[in-house]
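# Commentary on secondary and tertiary structure
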Amino acid sequence: MADTILLEIVTPTGVALRKEVTDVTAPSVAGEFGVMPGHLPLLAALRTGLVTYHEAGKEQRLAVAHGFVEVVGDKALLLTEKYVHKDDVDVVRVRLRLKEVDAELDHWQGDLTDPKRRSLIEEEQWLATQLELIGDPPLPLVREDTRFLAANAEAPPVNEMVDGQTPDESLTDHKKPGSAFPDA
């Protein structure tokens, strides 16, 4: 097994980073996850946040926007809309823009599902992540992403629902001798 994994970060403009690292930690929509050499294959939705990796025993951090991550073999590929190193953050510009975006969202009068509002929320998350990267995060602010509200959800067809269906006995072992769930 290899001692390192290849970390690649690709943006719409091309390969932004390619490094041999000992481990990677990244944010997904299901939570933060870590990757080390020999990791099982993985495909996950990337959320805006900080990526941490170790190179030559030294911890490095950078910010990424939403996207996807694929881990296969000893390679972690992050496909993201945006990427930035700590040294490339323009603190004054980021703070000013965050103030403008926050004000616009605070006074939002339109539909909560408006794509413009969603875009502002994504920009707010990106700006806040950059400030977190430099060690000065803004106060936590939670704005809901309306794509996942119950009003936008549809129930599955009745024939796909589990309730009322008979389980396939070949998929269970609860009736076998020594089972923790013997017949009553």
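For the protein, an unreviewed UniProt entry supplies the name ATP synthase epsilon chain and the organism Polyangium fumosum. Quoted verbatim from the Function (unreviewed entry) heading of the UniProt record, the comment on the protein is "Produces ATP from ADP in the presence of a proton gradient across the membrane." Its UniProt record gives the protein a comment under Subunit (unreviewed entry), which states: "F-type ATPases have 2 components, CF(1) - the catalytic core - and CF(0) - the membrane proton channel. CF(1) has five subunits: alpha(3), beta(3), gamma(1), delta(1), epsilon(1). CF(0) has three main subunits: a, b and c."

Right, let's talk about the pairing of strand β4 (residues 31-35) for a bit. By the bridge criterion, 5 bridges tie strand β3 (residues 23-28) to β4 in an arrangement that is antiparallel. When the sheet's bridge partners are listed, Val-24 is paired in β4 with Val-35. Turn length for the β3-β4 hairpin, with the two strands adjacent in sequence and antiparallel, is 2 residues.

Before going further, it helps to examine the environment of Asp-136. Its location among the elements puts Asp-136 in the segment after α2 (115-133). Judged by its relative accessible area of 38%, Asp-136 is partly exposed. Separated by 45 residues in sequence, Asp-136 and Val-91 place their C-alpha atoms 9.7 Å apart. Setting aside its immediate chain neighbours within four residues, Asp-136 contacts Arg-95 and Leu-131.

Right, let's talk about the pattern of salt bridges for a bit. Scanning the entire structure with this criterion turns up 7 salt bridges. The shortest N-O distance in the salt bridge between Glu-123 and Arg-97 comes to 2.6 Å. Of this pair, Glu-123 sits in helix α2 while Arg-97 sits in helix α1 (residues 91-106), and the two are 26 residues apart along the sequence.

For the rest of this paragraph, the subject is the nonpolar core. Counting 20 residues, the largest nonpolar core has Leu-7, Ile-9 and Leu-62 as the members making the most contacts within it. Of the residues forming this core, the biggest block, 3 residues, is contributed by strand β1 (residues 5-11). Sequence-distant contacts of Leu-62, defined by excluding residues within four places in its chain, comprise Ile-9, Leu-17, Gly-49, Leu-50, Val-51, Tyr-53, Tyr-83, Val-84, His-85 and Leu-133. Membership of the second largest hydrophobic core comes to 16 residues, among which are Ala-65, Val-89, Val-101 and Ile-121.

This brings us to the environment of Asp-74. Tracing the chain through its elements places Asp-74 in the loop between β8 (67-72) and β9 (75-80). A relative accessible area of 27% means that Asp-74 is categorised as partly exposed. Not counting residues within four places of it along the chain, the set of residues in contact with Asp-74 comprises Ala-2, Thr-4, Ile-5, Leu-6, Pro-37 and Gly-38. Engagement of the side chain of Asp-74 in a polar contact is seen with the backbone nitrogen of Gly-38, the distance being 2.8 Å.

Taking 1.5 Å of rise per residue, the 16 residues of α1 would be expected to cover 22 Å, and the 22 Å separating its terminal C-alpha atoms lies within 8% of that figure. Of the positions making up α1, those classed as buried are Val-94, Leu-98, Val-101, Asp-102 and Leu-105. On an axial view of α1, the arc spanned by its buried residues comes to 100°, and they lie on one face. The exposed residues of α1 that point more than 90 degrees off its buried face are Val-92, Leu-96 and Lys-99. Buried-residue contacts for α1 involve α2.

Reading the values: the criteria
Residues numbered from 1 in each chain as written. Predicted model: local features only at pLDDT ≥ 70, side-chain atom pairs only at ≥ 80, totals over all residues. Heavy atoms only, no water. UniProt positions renumbered as here; feature names shortened; annotations may be inferred. Pairing = 2+ DSSP bridges. Helix = DSSP H or I, 4+ residues; strand = E, 2+ residues; numbered from the N terminus. Buried < 20%, exposed > 50% of the residue type's maximum accessible area, 1.4 Å probe, protein only. Contact = heavy atoms within 4.5 Å. Salt bridge = Lys/Arg side-chain N within 4 Å of Asp/Glu carboxyl O. Core = buried A, V, L, I, M, F, W, Y, C linked by side-chain atoms within 4.5 Å. Polar contact = N/O pair within 3.5 Å; in protein donor to acceptor, adjacent residues only side chain to side chain. Expected span 1.5 Å × (residues − 1). Arc of directions from axis to C-beta.

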